[in-house]
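Per-entry structural report
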Amino acid sequence: MSGTVDPVLGAVLRDLAAEGRELEGLVAEADWGAPTPAPGWTIGHQVRHLHWTDRAVLLALLDPDQFRAMAAAVASDVTGAVERGACTPVTLEGWRDGRRRLSSALAGARGRVPWFGPPMSPTTMATARVMETWAHGQDVADALGVVRTPTARLRHVAHIGVRAFGFAFTANGLPVPPVSPRVELVAPDGGLWTWGTRAPRTGSPGGRWTSACWSPGAGTRRTSPCGPPGPPRRPGCRSPRPSPDHRARAARPAATA
């Protein structure tokens, strides 16, 4: 990142880079053909889907008109578009370079970014990428039998769930309640994450970070292949094991945001 970057956006982008590096460390030596808990999805599908979505965000940032044309085409066959994206070949180095380019573009973005749903601010878009990278990364970790240590980066995942409160009603044709709920979650380090204003004599949704980050809206492919809940996608492409060349390139230092 170069130039002046909004400090909040800069913090999210650093966490996005860290989340990407952690997932890259898991898949660098893994069998990309190994199945994950997401029905019909291998480790390779998870990585390629993330790369496809990163490229879509980059297109929205650099050429909004072309992205809108793409979004219109995707709207007519969402399942097919997601499956094709998860089957589009990418090397580990290509995925890493795509993450770097996306981070740079988000750092310099101004105004709202068009998307398949409502437009987002650059900070919200970066937060969404943290959410999806973590969710797909969890599928990969479970496929490999790896227990990941939860980090403060998960606050971004919970935050985007809280922010989607009003949209969840609108998307289902329901009136949005005039007051958003107070949300309190126990963070991985034992601290307290809070959203909203505490109202007297009323309860508030609460629990541990797991109760929010593992909700269907978090994008985990076990209940939701791509964003909102829906039927499992079953891509019809093979997911070959990374070649030795992939692994050699994975050993190079990863670009940071």
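Thresholds, definitions, all that
- Sequence order as written defines residue numbering, which begins from 1 separately in each chain.
- Selection of residues for local features in this predicted model requires a pLDDT of at least 70, selection of side-chain atom pairs for listing and counting requires 80 or more, and totals for whole chains, interfaces and linings are taken over all residues.
- With hydrogens and water set aside, each side-chain value is computed from the structure's full complement of heavy atoms.
- Only DSSP runs of H or I with at least four residues qualify as helices, and only runs of E with at least two residues qualify as strands; both kinds are numbered from the N terminus onward.
- Here, residues are in contact when the closest pair of their heavy atoms is within 4.5 Å.
- Areas reported as accessible are Shrake-Rupley estimates using a 1.4 Å probe. Residue values count occlusion only from the protein chains shown.
- Two aromatic rings from Phe, Tyr or Trp, using only the six-membered ring of Trp, form a pair when their centres are within 6.5 Å; if the ring planes differ by under 30 degrees the pair is stacked, by over 60 it is edge-to-face, and anything between is tilted.
- Throughout, exposure labels follow a simple rule: accessible area from a 1.4 Å probe, protein chains only, divided by the maximum for the residue type, with under 20% read as buried, over 50% as exposed, and the rest as partly exposed.
- Criterion for a salt bridge: a side-chain nitrogen of Lys or Arg within 4 Å of a carboxyl oxygen of Asp or Glu.
- For every residue, the predictor assigns a confidence score, pLDDT, that lies between 0 and 100.
- Two strands qualify as a pair provided DSSP detects at least 2 bridges between them.
- Every helix has an expected span of 1.5 Å times one less than the residues it contains.
- What counts as an axis is a line fitted to C-alpha atoms, over the stretch in contact for a helix, and the angles between N-to-C directions run from 0 to 180 degrees.
- Roughly parallel means an angle under 35 degrees; roughly antiparallel means over 145; roughly perpendicular covers 65 to 115; every other angle is labelled oblique.
- Definition used in this section: a nonpolar core is a set of buried Ala, Val, Leu, Ile, Met, Phe, Trp, Tyr and Cys residues joined via side-chain atoms within 4.5 Å.

Focus: the overall build of the protein chain
On a plain count of helices and strands, the protein chain comes out with 10 helices and 3 strands. Put simply, the protein chain runs from its N terminus to its C terminus through helices and strands in the order α-α-α-α-α-α-α-α-β-β-β-α-α. Long-range pairs, those at least 24 residues apart, make up 69% of the contacts in the protein chain with a sequence separation of at least 6. As displayed, the protein chain has an accessible area near 12700 Å², and 57% of this comes from carbon and sulfur atoms.

Considering the packing of aromatic side chains
Counted under the stated rule, the structure contains 5 aromatic pairs. Relative to Trp-115, the ring of Phe-67 has its centre 5.5 Å away and its plane inclined at 5°; by these criteria the two rings are stacked. You can see Phe-67 sitting in helix α3 (residues 64-75) and its partner Trp-115 sitting in the loop between α5 (92-107) and α6 (122-144), a full 48 residues away along the chain. The same class applies to Phe-67 and to Trp-115, which are both buried. One aromatic cluster is present, formed by Trp-52, Phe-67, Trp-115 and Phe-116 through successive ring pairs.

What about the pattern of salt bridges?
Throughout the structure, instances matching the rule amount to 12 salt bridges. Put simply, Glu-22 and Arg-153 hold a salt bridge, and the shortest N to O gap is 2.8 Å. One end of the pair, Glu-22, is in helix α1 (residues 7-27); the other, Arg-153, is in the loop between α6 and α7 (154-163), and 131 residues separate them in sequence. Here Glu-22 falls in the partly exposed class, since its relative accessible area comes to 28%. Asp-54 is paired through a salt bridge with Arg-129; the nearest N and O atoms lie 2.9 Å apart. You can see Asp-54 sitting in helix α2 (residues 43-62) and its partner Arg-129 sitting in helix α6, a full 75 residues away along the chain. Residues Asp-54 and Arg-129 agree in their burial class; the two are buried. Here the residues in one salt-bridge network are Glu-19, Glu-22, Arg-148 and Arg-153, joined through shared partners.

Quick word on the side chain of Asp-54
You can call Asp-54 buried: its relative accessible area is 7%. In this structure Asp-54 touches Trp-95, Arg-99, Leu-102 and Arg-129, once residues within four positions along its chain are discounted.

Focus on the confidence of the model for the protein chain
Mean pLDDT over the protein chain stands at 82; residues scoring 70 or higher make up 76%. Taken together, the stretch residues 214-221 has pLDDT below 50 and engages in 30 contacts with residues farther than four places along the chain or on a different chain. Across residues 223-257, confidence stays below pLDDT 50; counting only partners more than four residues off in sequence or on other chains, it has 85 contacts.

Notes on the pairing of strand β2 (residues 192-195)
Of the two faces of β2, the one lined by Trp-193 and Trp-195 is fully buried and the one lined by Leu-192 and Thr-194 carries no buried residue. Note that strand β1 (residues 183-186) and β2 share 4 bridges and pair antiparallel. In the strand pairing of β2, Leu-185 is matched with Trp-193. Hairpin connection, β1 to β2: the antiparallel pair is bridged by 5 residues, and Gly-190 has positive phi, about 95°.

Remarks on α2
With 20 residues, α2 extends 29 Å between its outermost C-alpha atoms, agreeing within 8% with the 28 Å of an ideal straight helix rising 1.5 Å per residue. The buried count for α2 comes to 18 of 20 residues, which makes it a mostly enclosed element.

Things to note about the packing of α2 against helix α4 (residues 78-86)
Two numbers describe how α2 lies on α4: the axes approach to 7 Å, and their chain directions differ by 110°. Viewed along their axes, α2 and α4 adopt a mutual orientation that is roughly perpendicular. Along the contact surface, α2 presents Gly-44, His-45, Arg-48, His-49 and Trp-52, while α4 presents Ala-81, Val-82, Gly-85 and Ala-86.

Structural notes on the nonpolar core
Membership of the largest hydrophobic core comes to 37 residues, with the highest contact counts inside it found for Leu-13, Leu-61, Phe-67, Leu-106, Trp-115 and Met-125. Elements that contribute at least two residues to this core include exactly α1, α2, α3, α5, α6, α7, β1 and β2. When residues in this core are grouped by element, the largest group, 7 residues, is from α6. If near-sequence neighbours (up to four positions away) are discounted, Met-125 is found in contact with Val-57, Leu-106, Val-113, Pro-114, Trp-115 and Met-120. Judged by nonpolar contacts, the second largest core, of 15 residues, contains Leu-26, Trp-32, Ile-43 and Leu-50.

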